2 protein chains.
Amino acid sequence: MGRWKPDARNRLEQAALQLYSKRGFQETTVAEIAERAGLTERTFFRYFADKREVLFSGGSALEERLVNAVANAPASLSALDAAGLAVEAGAKLLEDRRPHARQRQAVIAANPELQERERIKLASLASALAGGLRRRGVGDPAASLSAETAIAVFRIAFERWIEDANQRTLSEIVGELRHELKVLAGGT
Amino acid sequence: MGRWKPDARNRLEQAALQLYSKRGFQETTVAEIAERAGLTERTFFRYFADKREVLFSGGSALEERLVNAVANAPASLSALDAAGLAVEAGAKLLEDRRPHARQRQAVIAANPELQERERIKLASLASALAGGLRRRGVGDPAASLSAETAIAVFRIAFERWIEDANQRTLSEIVGELRHELKVLAGGT
């Protein structure tokens, strides 16, 4: 009680994911997650608004990475390339978490409410990315079109990555899809 | 009672949209919608699963249109062009409903639950479109990439259309964005 617990956030995330995988998201309570992590419910709510948010806590770090990457992309890049480079940079955040990502995706796939949440998170990533492009002086519709397209690339790359038998990195797959899109658009 | 009411579905949709706009989605009951339409709650539930679905009932007609259009697109078209042509065809379904679409969008924008629903409906349109592309012999990731990109174009075009002061048609705006995407990808 009151003793400092190192890495509480991470332990809560791990405990939640294990319980959601084993028992199902709906069937798991915050009390059970906290207990498994050796922490209190109060500590849980210090980090997460509810049990759904545990699965989406990486979103803000990813958004920050995307927005920074787009701000720092070479000025010579087109809007679509700047957005594409940003999602490739964002992909690097996830590279060493493939087993975690796969387990998390299975929990989300089993629950329509979580799927809706995931889509909304992706939509807000696209908005943030479009905002970053506008700060580079990109107008509309180029900003939103580039951002939405880059996030679609990211989402499809992510799905392929968690199923990929060849152990390619997520950023490699993002790079391949960026290229594929240009081929499809007649650009290469 | 028991008397045949012409165009019940459409009357229920109109009544729901008017009440959602005036009072808010949360504050409106199915009983009120039915009463305004001069119908019974029982009739309401013959057409719609719940009061949320009233706003999304056009989705299946749109999906059908997209899937047919992609099946009938010239075989010589690339996957991205076939998907783009399909959303342009889908756009034609909505052309004469701009005031309705604008009012509906305002209701959705005011309610996070409806926004999530809208995103899921768009995601399932993208899945259906990708399925249509696969039936044309398009492989992956080209099928999902083209479908997701085309739906992103559709979504952005839709937003511009309901705000557009120049009274361009939705399919014109879709066409412009398809072109813009190719320019961004270096394809023209």
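Residues numbered from 1 in each chain as written. Chains lettered and ligands numbered in written order. Predicted model: local features only at pLDDT ≥ 70, side-chain atom pairs only at ≥ 80, totals over all residues. Heavy atoms only, no water.

(A) Molecular detail of the overall build of chain A. Helices and strands together make up the secondary structure of chain A, namely 9 helices and 0 strands. The helix and strand sequence of chain A, counted from the amino end, reads α-α-α-α-α-α-α-α-α. Overall, the C-alpha framework of chain A stretches about 60 × 35 × 25 Å when taken along its three principal axes. When each of the 188 residues of chain A is scored for burial, the buried share is 51%. A separation threshold of at least 6 residues defines the contact pool for chain A, and within that pool the share at least 24 residues apart is 65%. Just so you have it, chain A exposes about 9100 Å², and 50% of that area is on carbon and sulfur atoms. In chain A, 28 positive and 25 negative side-chain charges are present, and the distance between their average locations comes to 4 Å. (Helix = DSSP H or I, 4+ residues; strand = E, 2+ residues; numbered from the N terminus. Buried < 20%, exposed > 50% of the residue type's maximum accessible area, 1.4 Å probe, protein only. Contact = heavy atoms within 4.5 Å. Areas by Shrake-Rupley, 256 points an atom, 1.4 Å probe, with all protein chains shown as cover. Lys, Arg positive; Asp, Glu negative; His and termini not counted. Charge placed at Lys NZ, Arg CZ, Asp CG, Glu CD.)

(B) Fine view of the packing of helix 8 (residues 142–163) of chain A against helix 8 (residues 142–163) of chain B. As a packed pair, helix 8 of chain A and helix 8 of chain B sit with axes 9 Å apart at the nearest point and diverge in direction by 150 degrees. Classed by the angle they form, the pair helix 8 of chain A and helix 8 of chain B counts as roughly antiparallel. The crossing of helix 8 of chain A and helix 8 of chain B is right-handed. Two secondary-structure elements touch here, helix 8 of chain A through A:S144, A:L145, A:E148, A:T149, A:A152, A:V153, A:R155 and A:I156 and helix 8 of chain B through B:S144, B:L145, B:E148, B:T149, B:A152, B:V153, B:R155 and B:I156. Residues belonging to the contact of helix 8 of chain A with helix 8 of chain B are distributed by class as follows: 8 nonpolar, 4 polar and 4 charged. (Axes fitted to C-alpha atoms, helices over the stretch in contact; angles between N-to-C directions. Parallel < 35°, antiparallel > 145°, perpendicular 65-115°, else oblique. Left-handed = near helix turned anticlockwise from the far one by under 90°. Nonpolar A, V, L, I, M, F, W, Y, C, P; charged D, E, K, R; others polar.)

(C) View of the pattern of salt bridges. Applying the stated criterion across every chain, the model contains 28 salt bridges over all chains. The residue A:R168 makes a salt bridge to A:E176 at a minimum N-O spacing of 2.5 Å. On the basis of relative accessible area, A:E176 is assigned to the partly exposed category, the value being 37%. Linking B:R117 and B:E53 is a salt bridge whose minimum nitrogen-to-oxygen distance equals 2.5 Å. (Salt bridge = Lys/Arg side-chain N within 4 Å of Asp/Glu carboxyl O.)

(D) Spotlight on helix 4 (residues 59–72) of chain A. Residues and elements named next belong to chain A. Taking 1.5 Å of rise per residue, the 14 residues of helix 4 would be expected to cover 20 Å, and the 20 Å separating its terminal C-alpha atoms lies within 8% of that figure. All buried positions along helix 4 are accounted for by L62, L66, A69 and V70. Down the axis of helix 4, the buried set is contained in an arc of 95 degrees. They therefore lie on one face. Exposed residues on helix 4 whose side chains face more than 90 degrees from its buried face are S60, E64, A71 and N72. In this fold, the buried residues of helix 4 make contact with helix 5 (79–92), helix 7 (112–135) and helix 8. (Expected span 1.5 Å × (residues − 1). Arc of directions from axis to C-beta.)

(E) Representation of the environment of A:G139 within the structure. Residue and element names in this part refer to chain A. The topology assignment puts G139 in the loop between helix 7 and helix 8. Owing to a relative accessible area of 39%, G139 belongs among the partly exposed residues under this scheme. Separated by 47 residues in sequence, G139 and K92 place their C-alpha atoms 28 Å apart.

(F) The confidence of the model for chain A, seen in detail. In this model, chain A carries an average pLDDT of 91, and 96% of its residues clear a pLDDT of 70 or more. With a pTM of 0.87, the predicted complex shows an ipTM of 0.83. (pLDDT = per-residue confidence, 0-100.)

(G) Summary view of the interface of chain B and chain A. At the interface, 31 residues of chain B touch 31 residues of chain A. Interface area, chain B with chain A, both sides summed: about 2700 Å², of which 67% is carbon and sulfur. By the criterion of area lost to chain A, the three top residues of chain B are B:E116, B:L145 and B:L184, representing 24% of everything that side buries. Here chain B and chain A share 4 salt bridges between them. Two residues, B:E148 and A:R155, come together in a salt bridge whose shortest N-O distance is 2.2 Å. Across the chain B-chain A interface, the total number found is 2 residue pairs in polar contact (both at pLDDT 80 or more). Residue assignment for the side of chain B that touches chain A shows that the elements contributing at least two residues are helix 5 (79–92), helix 7 (112–135), helix 8 and helix 9 (170–184) of chain B. With 11 residues, helix 8 of chain B is the largest single contributor of residues to the side of chain B that touches chain A. Partitioned by chemical class, the residues of the side of chain B that touches chain A number 14 nonpolar, 7 polar and 10 charged. (Buried area = accessible area lost by both parts, 1.4 Å probe. Polar contact = N/O pair within 3.5 Å; in protein donor to acceptor, adjacent residues only side chain to side chain.)

(H) Quick peek at the packing of aromatic side chains. Overall, the coordinates contain 12 aromatic pairs over all chains when judged by the stated rule. Ring centres 5.0 Å apart and planes at 75 degrees place the aromatic pair A:Y20 and A:F25 in the edge-to-face group. With respect to burial, A:Y20 and A:F25 carry one shared label: buried. An angle of 45 degrees between the planes, with centres 6.3 Å apart, marks the rings of A:Y47 and A:F48 as tilted. What makes A:Y47 partly exposed here is its relative accessible area of 33%. The aromatic ring of B:F25 is capped on one face by B:K51, whose charged end is 4.6 Å from the ring centroid. (Phe/Tyr/Trp six-rings, centres within 6.5 Å; stacked < 30°, edge-to-face > 60°. Lys NZ or Arg CZ within 6 Å of the ring centre and 35° of its normal.)

(I) Spotlight on the relation of the copies chain B and chain A. In the superposition of chain B on chain A (RMSD 0.0 Å, axial shift 0.0 Å), the rotation amounts to 180 degrees. The relationship between the two copies is best expressed as a two-fold rotation axis. Interface residue correspondence from chain B to chain A reaches 100%, placing this contact among same-surface, isologous pairings. (Least-squares fit on C-alpha atoms with pLDDT ≥ 70 in both.)

(J) Molecular detail of the packing of helix 4 (residues 59–72) of chain B against helix 7 of chain B. Residues and elements named next belong to chain B. Where helix 4 contacts helix 7, the two axes come as close as 9 Å, and the packing angle between them is 20 degrees. Considered as vectors, helix 4 and helix 7 are oriented roughly parallel to each other. The crossing of helix 4 and helix 7 is right-handed. Between helix 4, through G59, L62, E63, L66, V67 and V70, and helix 7, the contact on the second element is made entirely by S124, L125, A128, L129, G132, L133 and R135.

(K) Molecular detail of the nonpolar core. Formed by 81 residues in total, the largest nonpolar core has its most connected members in A:L129, A:L133, B:L129 and B:L133. Every residue in contact with A:L133, bar those within four places of it in the chain, is listed here: A:V70, A:A79, A:A82, A:A83, A:V138, A:A143, A:S146 and A:A147. (Core = buried A, V, L, I, M, F, W, Y, C linked by side-chain atoms within 4.5 Å.)

(L) How the structure looks around helix 2 (residues 30–37) of chain B. Three or more residues of helix 2 of chain B are buried, namely B:V30, B:I33, B:A34 and B:A37. The arc that holds every buried residue of helix 2 of chain B, seen down its axis, measures 95 degrees, which confines them to one face.

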